[in-house]
Amino acid sequence: MLDIRFVRDNIDKVAKALKDRGEETAALKGIIDIENKRRDLIAETDKLRNRRNLISKEVGRLKARGEAAGDLMAEVLGFADRLKELEESLHDVEDKVRTILLGIANIPHASVPIGLDEDDNTEVRRVGEPRRFNFEPKNHWDIGGRLGILDFDRAVKITGARFAVYIGLGARLERALINFMLDIHTRENSYIEIFPPVLVNSDSMTGTGQLPKFRDDIFKIEGWDYFLIPTAEVPVTNIHRGEVLEAKNLPLYYTAYTPCFRAEAGSHGRDTRGLIRQHQFNKVELVKFVTPETSYEELEKLTGNAEEILKRLEIPYRVVDLCTGDLGFSAAKTYDIEVWLPGQQRYREISSCSNFEDYQARRAGIRYRPEGRKKNELVHTLNGSGLAVGRTLVAILENYQQEDGSVIIPEALRPYMGVDRIS
RNA sequence: GGAGAGGUGGCUGAGUGGUCGAAAGCGGCGGUCUCGAAAACCGUUGUGGGGGCAACUCCACCGUGGGUUCGAAUCCCACCUUCUCCGCCA
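First, a word on what this report is: a plain description of the structure on this page. These numbers come from a predicted model, not from an experiment.

Attention shifts here to the overall build of chain A. When helices and strands are counted, chain A shows 13 helices and 17 strands. By principal-axis analysis of the C-alpha atoms, chain A measures approximately 100 × 45 × 40 Å. Across the 423 residues in chain A, those meeting the buried criterion constitute 50%. Counting contacts in chain A only where the partners sit at least 6 residues apart, residues at least 24 apart contribute 74% of the total. Taken as a whole, chain A presents about 20700 Å² of accessible surface, with 48% of it coming from carbon and sulfur. Side-chain charges of chain A comprise 62 positive and 68 negative groups, with the mean position of each set lying 2 Å from the other.

Written as structure tokens, this is what we have:
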């Protein structure tokens, strides 16, 4: 959420930001009027409340002395209805302002390339050489199917489309990857491990920005104000919702493995086969709470932490700087990490690392008290996948496949697998 | 699921209708003392918002949302939540 005072004073900047994102600016129309109305209402209600408070005190004094106070009490009754009306209008207008603000996307950082869609993203770096195959590399669903470690047909029976059953060494590989990632992040990069609830309430979903705008993308539990998390970002960021953090405890680094659930509304026909786009998938997430002046430096470090996993696994990837049109709703800047998939002959997103600046912190009320200063400030929040586990498994199957259909396990993963090949 | 007791400032904890935004203690910060520190003593110390260049001033906030009243931390209703006992349960 943007600061209403910022919006009021910089309406042109906000409009340009939305335009750069390719979003409607209609929401901005009238927000200034509503905000002015809000402030007028505050002035008027406060004036009446002040009068009422003064009178009430006087009534108290008079009654203590046993004197009559009927006239004063009558005066308050004279404007009681008016005050009630004003308070209701104020309530109403405050809700309106908040609703509009909740629907306005974050302002992209100045360094974000202007562009329409993913074709305008800027490649930042490429790491690792795609392997040359002396045979036609297969898709991961073919590899996994033949090895008997992935079963999509039975998942349809159990649940439906966009689910998978992992079997035997397939299940073990998924679990090995989770442990491998968590171990690196906790032991080498001092992230604190979290295992959060995977059902969250609507306040949490609003805090990180999924609600109210992206209701269709998430699963809701019928009859409850509970939602299945689309990412661990939601419960982990909301750990500190409504809190004032100690400056000396910042930056805070958290990592969490969770299953993630996405409705994938509007992506019918895309990635219908295989593990790439599932309703349920595993992810190890990295979340940071930092002071504003360090957040961009922290974004670079966080992205590096995610990249480290692919380096250890020796899988080629590239990092792209998302353009304004591809940037997520709450993010000010995002780096995507894309792995090379020989089966598709292209790079596919495996991690998204973002700096939200104070956008989520303002929604969720996450502040800190800066050293030596009196006023509390909003923290900056960041998060990134470190990594999407299912897609990492895909990358391993496709990059490490052999002509005979077997798959070699990357060196770094062997202690977690207990075997060096799946065949 | 049933019965009961609670939710007050960073923490502990008083406050059951009228200068209560809230006693007291602890903690924090500043100072005196000290070579320095501790102790002791003195002072200070919640959040958000409106107006004002500022000094300052006003409003709101005692789990959340409603209600009663001239006036609510205090009374009423609903909800959330914590604890204890019983039941159930991986």
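Once you've had a look at it, read on.
Bringing the packing of helix H7 (residues 169–188) against helix H12 (residues 389–399) into the picture now. Working note: a packed helix pair is described by the angle between its axes plus the distance between those axes. For the pair H7 and H12, the least separation of the axes is 10 Å and the interaxial angle reads 115°. The two elements H7 and H12 cross, and the hand of that crossing is right-handed. Residues Gly 170, Leu 173, Glu 174, Leu 177, Ile 178 and Met 181 of H7 touch H12, and the partners they reach there are Val 389, Gly 390, Thr 392, Leu 393, Ile 396 and Leu 397. For the contact of H7 with H12, the residue count by class is eight nonpolar, three polar and one charged.

What the second largest pocket holds in volume is close to 320 Å³. Looking at the second largest pocket, it is lined by 20 residues, and the ones nearest its centre are Phe 152, Arg 162, Thr 272, Arg 273 and Gly 274. Elements represented by at least two residues in the lining of the second largest pocket include exactly helix H5 (140–147) and helix H6 (152–158).

The strand order across the open sheet formed by three strands is E7-E13-E14, and the pairing between neighbours is mixed. Bordering the open sheet on either side are strand E7 (244–246) and strand E14 (377–378), each of which pairs with just one other strand. Looking at chain direction, strand E13 (residues 367–369) and E14 are connected through two bridges and run antiparallel. The residue bridging Arg 367 from the neighbouring strand is Leu 378, located in E14.

To continue, consider the environment of Val 198. Mapped onto the fold, Val 198 is located in the loop between strand E4 (192–194) and strand E5 (199–201). For Val 198 and Pro 230, which are 32 residues apart along the polypeptide, the C-alpha to C-alpha distance reads 8.8 Å. Each residue touching Val 198, except ones within four places of it in the same chain, is listed here: Phe 227, Leu 228, Ile 229, Thr 258, Pro 259 and Phe 261.

Now for the sheet that holds strand E15 (residues 380–388). The eight strands lie next to each other as E1-E10-E11-E12-E15-E9-E8-E4, forming an open sheet whose pairing is mixed. The two strands at the open ends of the sheet, each matched to only one other strand, are strand E1 (122–127) and E4. For this sheet, the mean inter-axis angle between neighbouring strands, taken without regard to orientation, is 25°. Running at roughly 10° to strand E9 (residues 280–290), H7 makes contact with E4, strand E8 (252–261), E9 and E15 of the sheet. In the packing of H12 onto the sheet, contacts are made with E9, strand E11 (333–341), strand E12 (346–357) and E15, and the angle to E15 comes to roughly 35°.

On the surface, a cluster of nonpolar side chains totalling about 300 Å² of accessible area is made up of Leu 199, Trp 224 and Tyr 226. Mapped onto the elements of the fold, Trp 224 is located in the loop between helix H8 (202–208) and strand E6 (226–228).

What follows covers the protein's contact with RNA strand B. Of all residues adjacent to RNA strand B, which total 21 residues, the nearest are Arg 39, Asp 46, Asn 50, Ser 56 and Arg 369. Expressed as a percentage, the sugar and phosphate content of the atoms of RNA strand B within 4 Å of the protein is 76%. Within the side chain of Asp 46, an N or O atom sits 2.8 Å from a sugar or linking oxygen of RNA strand B. For RNA strand B, a base nitrogen lies 2.7 Å from a polar atom in the backbone of Ser 56. Looking at the surface near RNA strand B, the elements that each hand over two or more residues are helix H3 (31–64), helix H4 (70–102) and E13. If you tally residues by element for the surface near RNA strand B, the top one is H3, at 11 residues. Taken together, the residues that form the surface near RNA strand B break down as five nonpolar, six polar and 10 charged.

Core analysis: the largest hydrophobic core is formed by 51 residues, its most contacted members being Leu 173, Leu 177, Ile 396 and Leu 413. The element that contributes the greatest number of residues to this core is H7, accounting for eight residues. Apart from the residues lying within four places of it in its own chain, the contact partners of Leu 173 are Leu 393, Ile 396, Leu 397, Ile 409, Leu 413, Met 417 and Ile 422. Counting residues in each nonpolar core, the second largest holds 28 residues, with Met 1, Leu 2, Ile 31 and Leu 102 among its members.

Rules of the game
Residues numbered from 1 in each chain as written. Chains lettered and ligands numbered in written order. Predicted model: local features only at pLDDT ≥ 70, side-chain atom pairs only at ≥ 80, totals over all residues. Heavy atoms only, no water. Helix = DSSP H or I, 4+ residues; strand = E, 2+ residues; numbered from the N terminus. Buried < 20%, exposed > 50% of the residue type's maximum accessible area, 1.4 Å probe, protein only. Contact = heavy atoms within 4.5 Å. Areas by Shrake-Rupley, 256 points an atom, 1.4 Å probe, with all protein chains shown as cover. Lys, Arg positive; Asp, Glu negative; His and termini not counted. Charge placed at Lys NZ, Arg CZ, Asp CG, Glu CD. Axes fitted to C-alpha atoms, helices over the stretch in contact; angles between N-to-C directions. Left-handed = near helix turned anticlockwise from the far one by under 90°. Nonpolar A, V, L, I, M, F, W, Y, C, P; charged D, E, K, R; others polar. 1 Å grid on protein atoms, 1.4 Å probe; cavity = no way out; pocket = protein on both sides within 12 Å on 5 of 7 lines; lining within 4 Å. Points joined across faces, edges and corners; volume = space filled by probe spheres on them. Pairing = 2+ DSSP bridges. Patch = residues over 30% accessible without salt bridge, like charges linked within 9 Å, V, L, I, M, F, W, Y side chains within 5 Å. Salt bridge = Lys/Arg side-chain N within 4 Å of Asp/Glu carboxyl O. Near = heavy atom within 4 Å. Polar contact = N/O pair within 3.5 Å; in protein donor to acceptor, adjacent residues only side chain to side chain. Core = buried A, V, L, I, M, F, W, Y, C linked by side-chain atoms within 4.5 Å.

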